[in-house]
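Chain and residue survey
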Amino acid sequence: MKIKEIKVFVCNPGRNFVTVKIITDAGIHGIGDATLNGREMAVVSYLEEHVAPCLIGRNAHDIEDIWQYLYKGVYWRKGPVNMAAVAAIDMALWDIKGKAAGLPVYQLLGGKSRQAVTLYAHASGEDIKDTLDKTEELINQGFKAVRLQSAVPGLNVTYGVLGDKKDYYELQGNRPLPPEEAWSTQKYFNMIVDLFAQARERFGNDVHLLHDVHSRLTPIESARLGKLLEPYNLMFLEDASIAENQDSYKVIRQHTTTPLAIGETYNTIWDCKDLIQNQLIDYLRAAATHAGGITALRRMADFASIYNVKTAPHGAPDLSPVCFAAHMHLNIWAPNFGIQEFVGLGNEQLKQIFKHQIKVEQGMAYVSDAPGLGIEFDEEEASKYPYKRSYLPVSRLEDGTVWNW
Ligand code: KDG
Ligand code: MG
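Calculation notes
- Counting restarts for each chain: residues are numbered from 1 in the order of the written sequence.
- Numbering of ligands from 1 and lettering of chains from A proceed in the order in which they are written.
- A pLDDT threshold of at least 70 governs which residues receive local features in this predicted model, and a stricter bar of 80 or more applies before side-chain atom pairs are shown or counted, although totals over entire chains, interfaces and linings include all residues.
- To obtain the side-chain values, all non-hydrogen atoms of the structure were used and water was disregarded.
- Axis definition: a line fitted to C-alpha atoms, over the contacting stretch in the case of helices. Angles run 0 to 180 degrees between N-to-C directions.
- Runs of H or I in DSSP of at least four residues are treated as helices and runs of E of at least two as strands, each being numbered from the N terminus.
- Working definition: roughly parallel below 35 degrees, roughly antiparallel above 145 degrees, roughly perpendicular at 65 to 115 degrees, and oblique for all remaining angles.
- The criterion used for residue contact is that any of the two residues' heavy atoms lie within 4.5 Å.
- In this classification, Asp, Glu, Lys and Arg are treated as charged, Ala, Val, Leu, Ile, Met, Phe, Trp, Tyr, Cys and Pro as nonpolar, and every other residue, Gly included, as polar.
- Put simply, buried Ala, Val, Leu, Ile, Met, Phe, Trp, Tyr and Cys residues joined by side-chain atoms within 4.5 Å make one nonpolar core.
- Between buried and exposed lies partly exposed: a residue is buried under 20% and exposed over 50% of the maximum accessible area for its type, with that area taken using a 1.4 Å probe on protein chains only.
- Helix span, expected: 1.5 Å multiplied by one less than the number of residues in the helix.
- To get the bend at a residue, fit one axis to the 7 residues ending there and another to the 7 starting there, then take the angle between the axes.
- Each domain's extent is set by a domain assignment, obtained either automatically or from a database.
- For any pair of parts, buried area is found by adding up, for both, the accessible area (1.4 Å probe) each one loses once the two are put together.
- The donor set covers N, O and S atoms within 2.8 Å of the metal, switching to 3.2 Å for Na, K and Ca, and it leaves out water, so a site may look short of donors.
- In plain terms, two cysteine sulfur atoms within 2.5 Å form what is called a disulfide here.
- Two strands make a pair as long as DSSP finds a minimum of two bridges between them.

Let us now look at the packing of helix α3 (residues 80–101) against helix α10 (residues 293–306). Contact geometry of α3 with α10 gives a least axis separation of 6 Å together with a crossing angle of 95°. For the element pair α3 / α10, the angle class is roughly perpendicular. Where α3 abuts α10, its residues A87, D90, M91 and W94 lie against G293, I294, T295 and R298. Of the residues in the contact of α3 with α10, the class split is 4 nonpolar, 2 polar and 2 charged.

This brings us to the nonpolar core. In this structure, I89, Y188 and Y249 are the most contacted members of the largest nonpolar core, which totals 120 residues. Take this core: its biggest share by element is 12 residues, from α3. The residues touching I89, leaving out its near neighbours within four places in the chain, are I6, V20, I22, L47, V51, L55, I66 and L70. Counting residues in hydrophobic clusters, the runner-up holds 9 residues, among them Y120, L210, A261 and Y283.

Quick look at helix α1 (residues 40–55) now. Helix length check: α1, at 16 residues, gives a terminal C-alpha distance of 21 Å against a target of 22 Å (1.5 Å per residue), a fit within 8%. The largest bend along α1 measures about 40° and falls at L47. Where α1 is concerned, the buried positions are E40, V43, V44, Y46, L47, V51, A52 and L55. A positive backbone phi angle near 95° is found at G57, which sits one or two residues after α1.

In many reports, interface size means the accessible area that the parts give up when they come together. When cut into domains, the protein gives domain 1 (3–104) and domain 2 (109–370). When each unit is reduced to the centre of its C-alpha atoms, the spacing between domain 1 and domain 2 is 26 Å. The partner domain 2 presents 36 residues to the 30 residues of domain 1 that form the contact. Carbon and sulfur atoms supply 58% of the area buried between domain 1 and domain 2, which totals about 2,500 Å² over both sides.

Angles between donor atoms at a metal ideally measure 109.5 degrees for a four-coordinate tetrahedral arrangement and either 90 or 180 degrees for a six-coordinate octahedral one. The coordination sphere of the magnesium ion (ligand 2), as far as protein atoms go, consists of D212 (OD), E238 (OE) and E264 (OE), spread over 2.1 to 2.2 Å. Sequence spacing of the donors to the magnesium ion (ligand 2): D-x25-E-x25-E. Of the two residues, D212 sits in strand β7 (residues 208–212) while E264 sits in the loop between β9 (260–262) and α9 (273–277), which places them 52 residues apart along the sequence. Using a relative accessible area of 2% as the deciding quantity, one classes D212 as buried. Taking the relative accessible area as the measure of exposure, E264 reaches 12% and is therefore buried.

Turning to the state of the cysteines, a few remarks are in order. Tallying each qualifying case throughout the model produces 0 disulfides. Considering cysteine sulfurs only, C323 is the nearest to C11, which forms no disulfide, with 15 Å between them. The class of C11 is buried, set by a relative accessible area of 1%.

Before going further, it helps to spend a moment on the sheet that holds strand β3 (residues 29–33). Spatial ordering of the open sheet is given by β1-β2-β3, a layout of 3 strands whose pairing is antiparallel. Sheet topology places β1 (3–11) and β3 at the edges, where each strand pairs with a single neighbour. With strand direction ignored, the average angle separating the axes of adjacent strands in the sheet is 20°. Strand direction decides the pairing type here: strand β2 (residues 17–24) and β3, joined by 5 bridges, are antiparallel. Bridged to V20 within β3 is G32. α1 rests against β1 and β2 of the sheet, and its axis sits at about 175° to β1.

Let us now look at the sheet that holds strand β18 (residues 402–403). Overall, mixed pairing links the 3 strands, which are arranged β6-β17-β18 in an open sheet. Single-partner strands in this sheet number two, and they are β6 (180–183) and β18.

This is the structure in structure tokens:
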């Protein structure tokens, strides 16, 4: 079964998505997600100019060989642009293999380890009360795990929350130039512990609570936060600090038993090898779209399992439903799956472009049994929503210093 054509699409049904379609001479096609938030066109060009021409005529069944060819073969390993392209090709090839076999991808991985996938939803509020009211709504919908983010009094915008009561920031995604946001660790500490104290007081101990620091703290500040949050029993504290220096997590780990999660920006196992091997984290947040696809994530999950690290794939709105579908197959298979981030199934336009059968009920997601990834891409519908340049915000300390976003 030879690869005949590779097409790359960019659409913006509310935010940009890059989708790859591989067409074979057997009449079977597959799709993959290559969306890199704020850098979409770099991946499009990489795919069209440098990747697609090398794959025409190759056997679509050779997933591993193609992965190695695109990773080792090109000399320039790793990197978000490269690995998003590799990821999309990889997902599309798994989709094709599943369709050719007449089996959903999870069966090719080894079958189900569980019947359904536990999701964590987002409650993002203008203040603590607003966040807790939103948490209550999600608990009432059946969610067993909720990520709590709340605006920080004194800061114009806080990660996860817009300052003007409009909407959850991630859903906007159409900013022709990067907006800037201010950060103050002091002001954050004045709010954050209260948020979780009040949440436990109001909801008791059964619901899982999570929080994303979004890398704003230094390791010792993260250690302090982890310690202060221990009484409120978080499922995990995400991106407590940047871990470019993976050893820096030893500082956090030696001070707190709050479980730690990291990895949504990671491109390969090398970004987290030491974190995993030294048991400095508990959950790996790597995403199929940014870490080299299903082939790579399967390998990372197996490596993590040796060290009792669970998977918790990234599920923000800038990952397309194709990535969510890929995660569903990995999640239902991985013996060490932990939890999947979930921000809803998207707006009506998105649902018309990406059609799938994944069911979400009572905070649990049910994988599709359709062959392949079980998701289809409507090219014509997508063409109604053209690309718009858009950026993530940039973060600065109150004195103007550029900080981690
Ligand atoms: O592109 C960046 C977003 O995906 C990120 O800000 C979302 O941190 C995030 C999360 O945990 O969902
Ligand atoms: Mg995050």
